[in-house]
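Each chain, letter by letter, is given below.
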Amino acid sequence: MTNASTTSKIPTWFYIIAVVALIWNCMGVVAYLAEAFMSDEIFSSFTKEVQELYNKRPSWVTGAYAIAVFGGVLASMLLLLRKKLAKTVFLISLAGVIAQNVYTFVISDALNVLGTSSIYFPIVIVVIAVLLFLFSNYATKKGWLA
């Protein structure tokens, strides 16, 4: 149950996590935009195999990437504004993260081209996306989000 005493006692660490989440997701948007607006010069510096990975990637994967990062930013802003909708948007962002990574590491040949060490950072991204969803769920149950 949400009341004035519950919502007034939101711990400082809630806001710290929300700000860190916003910064983290903004970094994802920067990475997305850097890839989307990559120059031909940079693209041509990649190996033929990596270029082929990029060229073969279906548009739905790029869309999933966009949903993941822009959804993460929106959800983080909603979290800072203490809106319950943050939980749903974090879930949508998580779905984008999972869809992108399923294609990259299960459907495509990325592991063979990039090596098995290329999976570590995407695993971190999935874990953080899950934790942000769980955190927003926790905050909702605590009555911190309205």
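Residues numbered from 1 in each chain as written. Predicted model: local features only at pLDDT ≥ 70, side-chain atom pairs only at ≥ 80, totals over all residues. Heavy atoms only, no water.

K.L.:
Is there a simple way to think about the environment of F37 in this case?
P.N.:
Its location among the elements puts F37 in the loop between α2 (12-36) and α3 (40-44). For F37, a relative accessible area of 67% corresponds to the exposed category. Residues F37 and K84, 47 residues apart in the sequence, show an inter-C-alpha distance of 34 Å. (Helix = DSSP H or I, 4+ residues; strand = E, 2+ residues; numbered from the N terminus. Buried < 20%, exposed > 50% of the residue type's maximum accessible area, 1.4 Å probe, protein only.)

K.L.:
Help me out: how do you make sense of the confidence of the model for the chain in this one?
P.N.:
Note: predicted coordinates in regions of low pLDDT should not be interpreted at a detailed level. Summary statistics for the chain give a mean pLDDT of 93 and a share of 95% for residues scoring 70 or more. Ranking the elements of the chain by mean pLDDT puts helix α1 (residues 4-8) last, at 49, and helix α5 (residues 59-80) first, at 98. Counting contacts from residues 1-7, a segment whose pLDDT is below 50, to residues more than four positions away or on other chains yields 7 contacts. (pLDDT = per-residue confidence, 0-100. Contact = heavy atoms within 4.5 Å.)

K.L.:
I'm lost on a nonpolar patch on the surface in this one. Help?
P.N.:
Residues W13, I16, I17, V20 and Y138 make up a contiguous nonpolar surface patch of roughly 460 Å² in combined accessible area. Looking at where I16 falls in the secondary structure, it is placed in helix α2. (Patch = residues over 30% accessible without salt bridge, like charges linked within 9 Å, V, L, I, M, F, W, Y side chains within 5 Å. Areas by Shrake-Rupley, 256 points an atom, 1.4 Å probe, with all protein chains shown as cover. Salt bridge = Lys/Arg side-chain N within 4 Å of Asp/Glu carboxyl O.)

K.L.:
Whenever I open this one, the side chain of Q100 confuses me. Can you help?
P.N.:
Here Q100 lies in helix α6 (residues 85-107). Note on Q100: relative accessible area 16%, which makes it buried.

K.L.:
When you look at the UniProt feature "transmembrane region" (unreviewed entry) in the chain in this model, what are you seeing that I'm missing?
P.N.:
With numbering aligned to this structure, UniProt lists the feature "transmembrane region" (unreviewed entry) at residues 12-34, 60-81, 88-107 and 119-140. End C-alpha to end C-alpha, residues 88-107 measures 27 Å, and it is 100% helix and 0% strand. With 95% helix and 0% strand, residues 119-140 has its two end C-alpha atoms placed 32 Å apart. (UniProt positions renumbered as here; feature names shortened; annotations may be inferred.)

K.L.:
Is there a simple way to explain the packing of aromatic side chains in this structure?
P.N.:
Between two aromatic rings, the relevant description is the distance of the centres plus the angle of the planes. Overall, the coordinates contain 13 aromatic pairs when judged by the stated rule. Note on F46 and Y54: the rings are 5.7 Å apart at their centroids and 15 degrees apart in plane angle, and the pair reads as stacked. Ring geometry for W60 and Y103: centres 5.8 Å apart, planes at 80 degrees, overall edge-to-face. Residue W60 is found in helix α5, and its partner Y103 is found in helix α6; the two are separated by 43 residues along the sequence. On the basis of relative accessibility, which here comes to 45%, the residue W60 falls in the partly exposed class. Accessibility expressed as a relative area gives 10% for Y103, which makes it buried. (Phe/Tyr/Trp six-rings, centres within 6.5 Å; stacked < 30°, edge-to-face > 60°.)

K.L.:
Is there a simple way to think about α5 in this case?
P.N.:
Along its 22 residues, α5 runs 31 Å from first to last C-alpha, staying within 8% of the 32 Å computed at 1.5 Å per residue. Positive phi appears at R82, one or two residues downstream of α5, with a value of about 60 degrees. (Expected span 1.5 Å × (residues − 1).)

K.L.:
Would you explain helix α4 (residues 48-56) in this entry?
P.N.:
Along an α-helix, residues three or four positions apart point the same way, because every turn accommodates 3.6 residues. Along α4, the residues classified as buried are V50, Q51 and L53. Buried residues of α4 fall within an arc of 155 degrees about the axis and therefore sit on the same side. Turned more than 90 degrees away from the buried face of α4, the exposed residues are K48, N55 and K56. Buried residues along α4 sit in contact with α3 and α7 (110-114). (Arc of directions from axis to C-beta.)

K.L.:
Help me understand the pattern of salt bridges, please; the structure alone is not making it clear to me.
P.N.:
Side-chain pairs of opposite charge can arise whenever the charged atoms involved come near each other. Applying the stated rule across the entire model yields 2 salt bridges. Of the charged contacts, one joins E35 and R57 as a salt bridge, the two residues approaching to 2.4 Å between their closest N and O atoms. On the criterion of sequence distance, the pair formed by E35 in helix α2 and R57 in the loop between α4 and α5 is long-range, its members being 22 residues apart. Looking at R57, the relative accessible area reads 22%, which means it is partly exposed.

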